[in-house]
Structures are given as C-alpha cells and as structure tokens.
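# Structural features, examined
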Amino acid sequence: VGATRPTSVNVRIIAATNRDLRGEVMASRFREDLFYRLNVFAICLPPLRGRRSDIPLLVEHALQSNGRRNDALTGCSPLAIRLLSAYAWPGNVRELLAAVESASIRAGESRIGAQHLPGEVRGGGNELSDSARCMRYSADALDVDERAMIADALSHTGGALARSAELLGMGRTTLWRKIKAYGLRS
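Residues numbered from 1 in each chain as written. Predicted model: local features only at pLDDT ≥ 70, side-chain atom pairs only at ≥ 80, totals over all residues. Heavy atoms only, no water.

## Some remarks on the confidence of the model for the protein chain
For the protein chain, the mean per-residue pLDDT works out to 82, and 83% of the residues sit at or above 70. For the protein chain, the element scoring lowest by mean pLDDT is helix α6 (residues 130–136), at 42; helix α1 (residues 21–26) scores highest, at 94. Confidence drops under pLDDT 50 across residues 125–141; counting only partners more than four residues distant or on other chains, this segment forms 21 contacts. (pLDDT = per-residue confidence, 0-100. Helix = DSSP H or I, 4+ residues; strand = E, 2+ residues; numbered from the N terminus. Contact = heavy atoms within 4.5 Å.)

In structure tokens:
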C-alpha cells in the first residue's frame, strides 16, 4: 500500500454461490469474462437436505468448536441427532451450525437433548414469529415441551426407563425424578 512500483503476487480465488452462473451468463445477468475466470475448477455441492449423512459429522464439528468455549458440553443424544437429521435445513450448513450453538447454550453443561433444539427442528414449524419463539422458551413452556418429549420417549420405548433416558440424553435417575414430577407413568 502506497508503493510506486507494482508488486507481483500469487493468489487463488475461491468463490461460492447458490446460483447457476452459466445460466446467469446466458441471461446476461453475470459477466461472461468473470465467469470464465472463476470457473476454473468447479465443485458442485448439493444442499444439506440432499446429504443428510453429513449432518452427524457437522454436528460433531460444531460441538468441538463450541467445546473450546464450553468444556463441560459432552455431546448430543441419539434422539437429537435423529431430529437434526430429519429436518430440511432451508438455511443449509449455516442454519445447522446456528441451531447446534443455540442448543448448546440451552443445554449448558449437559449433553444436548431433543428438548434443547429449536422448535422448528423438533417439528414445531417455522410459523412462529421471533417474539413468539422467545416466549415459547420461557420456563413454563420448556416444562410443557419436556413433559411431552419424555412422554413420547416412554411411549416409543414401551416404558423402558434406561432406553428412554438414553434417547433423551439424560441419566436414568434424572428421568425417573422428572416422570414423578410430571405425573407420568413408565
């Protein structure tokens, strides 16, 4: 910066887009010369919903990245992984990483369970406004969601306490106490 003589540099440009640049060139919405400069080695990567097998690996990567900030976080329950893998991820990897970070904040020092995931990932839909979504995570709402998740896990496992605890990502004793507190039956 500020020199009077040119300096030679050797750089490689990496660019990403979610558009069909060849089609954009044909429609005269993207410069042809720039397209040919950028299109030296193209890597076409399908959206996250088209490669669901990558989701557990991306979650593990996100947890390791978050783990640098939160050493007590121990992982993700199998039920949470199944819910994360079943979601469509319209925001692709960025949305997944944000959801995992959000869940790790909710989980605190415990393992991420299904109850820590955002409502849309758990099947609550995207129809909630931001203010309604914030209200949904109040303590009372979390208790209702947790009760429903515990009931669902017990139903799914035929009342098996150990298997339900594993699915929910909590200890058997914790699950037993919550079953008593919520008036559920195993």
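The structure having been displayed, the exposition proceeds.
## As for a nonpolar patch on the surface
Side chains of Val9, Val11, Ile13, Leu34 and Leu38 sit close together on the surface and give an oily, nonpolar patch of about 480 Å² of accessible area. On the secondary structure map, Val9 appears in the segment before α1. (Patch = residues over 30% accessible without salt bridge, like charges linked within 9 Å, V, L, I, M, F, W, Y side chains within 5 Å. Areas by Shrake-Rupley, 256 points an atom, 1.4 Å probe, with all protein chains shown as cover. Salt bridge = Lys/Arg side-chain N within 4 Å of Asp/Glu carboxyl O.)

## Description of the packing of aromatic side chains
Applying the stated criterion across every chain, the model contains two aromatic pairs. Taking 5.1 Å as the distance between ring centres and 70° as the angle between the ring planes, the aromatic pair formed by Phe35 and Tyr36 counts as edge-to-face. Ring geometry for Tyr87 and Trp89: centres 4.6 Å apart, planes at 85°, overall edge-to-face. (Phe/Tyr/Trp six-rings, centres within 6.5 Å; stacked < 30°, edge-to-face > 60°.)

## Considerations on unusual backbone geometry
The backbone phi angle of Ser28 is positive, close to 60°, even though this residue is not glycine. As for its position among the elements, Ser28 is in the loop between α1 and α2 (32–38). Taking relative accessible area as the criterion, Ser28 reaches 65% and is therefore assigned exposed. (Buried < 20%, exposed > 50% of the residue type's maximum accessible area, 1.4 Å probe, protein only.)

## Considerations on the packing of helix α8 (residues 161–168) against helix α9 (residues 172–182)
Two elements in contact, α8 and α9, have axes whose closest approach is 9 Å; the angle formed by their N-to-C orientations is 100°. Considering their axes alone, α8 and α9 lie roughly perpendicular with respect to each other. From α8, Leu161, Ala162, Ser164, Ala165 and Leu168 reach across to α9, where they touch Arg172, Leu175, Trp176 and Ile179. Looking at side-chain class alone, the contact of α8 with α9 contains seven nonpolar, one polar and one charged residues. (Axes fitted to C-alpha atoms, helices over the stretch in contact; angles between N-to-C directions. Parallel < 35°, antiparallel > 145°, perpendicular 65-115°, else oblique. Nonpolar A, V, L, I, M, F, W, Y, C, P; charged D, E, K, R; others polar.)

## Concerning the pattern of salt bridges
In this structure the tally under the stated criterion is four salt bridges. Here Arg29 and Glu24 are joined by a salt bridge, their closest N and O atoms 3.0 Å apart. Among the residues examined, Glu24 registers a relative accessible area of 15% and is labelled buried. Asp54 is the salt-bridge partner of Arg51, the closest N and O atoms lying 3.0 Å from each other. Overall, the relative accessible area of 16% leaves Arg51 in the buried class.

## Comments concerning the side chain of Arg51
Residue position: Arg51 is located in the loop between α2 and α3 (55–67). Other than its neighbours up to four places away in sequence, Arg51 contacts Leu45, Pro46 and Val93.

## Regarding the nonpolar core
Core analysis: the largest hydrophobic core is formed by 33 residues, its most contacted members being Leu84 and Trp89. Those elements that provide at least two residues to this core are α3, α4 (78–86), α5 (92–107), α7 (139–156), α8 and α9. Counting residues per element, this core draws most heavily on α5, at five residues. For Trp89, the contacting residues outside a window of four places in its chain are Leu48, Arg49, Ile55, Leu84, Glu95, Leu96, Ala99 and Val121. (Core = buried A, V, L, I, M, F, W, Y, C linked by side-chain atoms within 4.5 Å.)

## Remarks on the environment of Arg94
Here Arg94 shows up in helix α5. Along the backbone, Arg94 and Leu48 are 46 residues apart, and their C-alpha atoms lie at a distance of 10.0 Å.

## What about the side chain of Thr157?
For Thr157, the position within the fold is in the loop between α7 and α8. Residue classification places Thr157 among the buried positions, given a relative accessible area of 15%.

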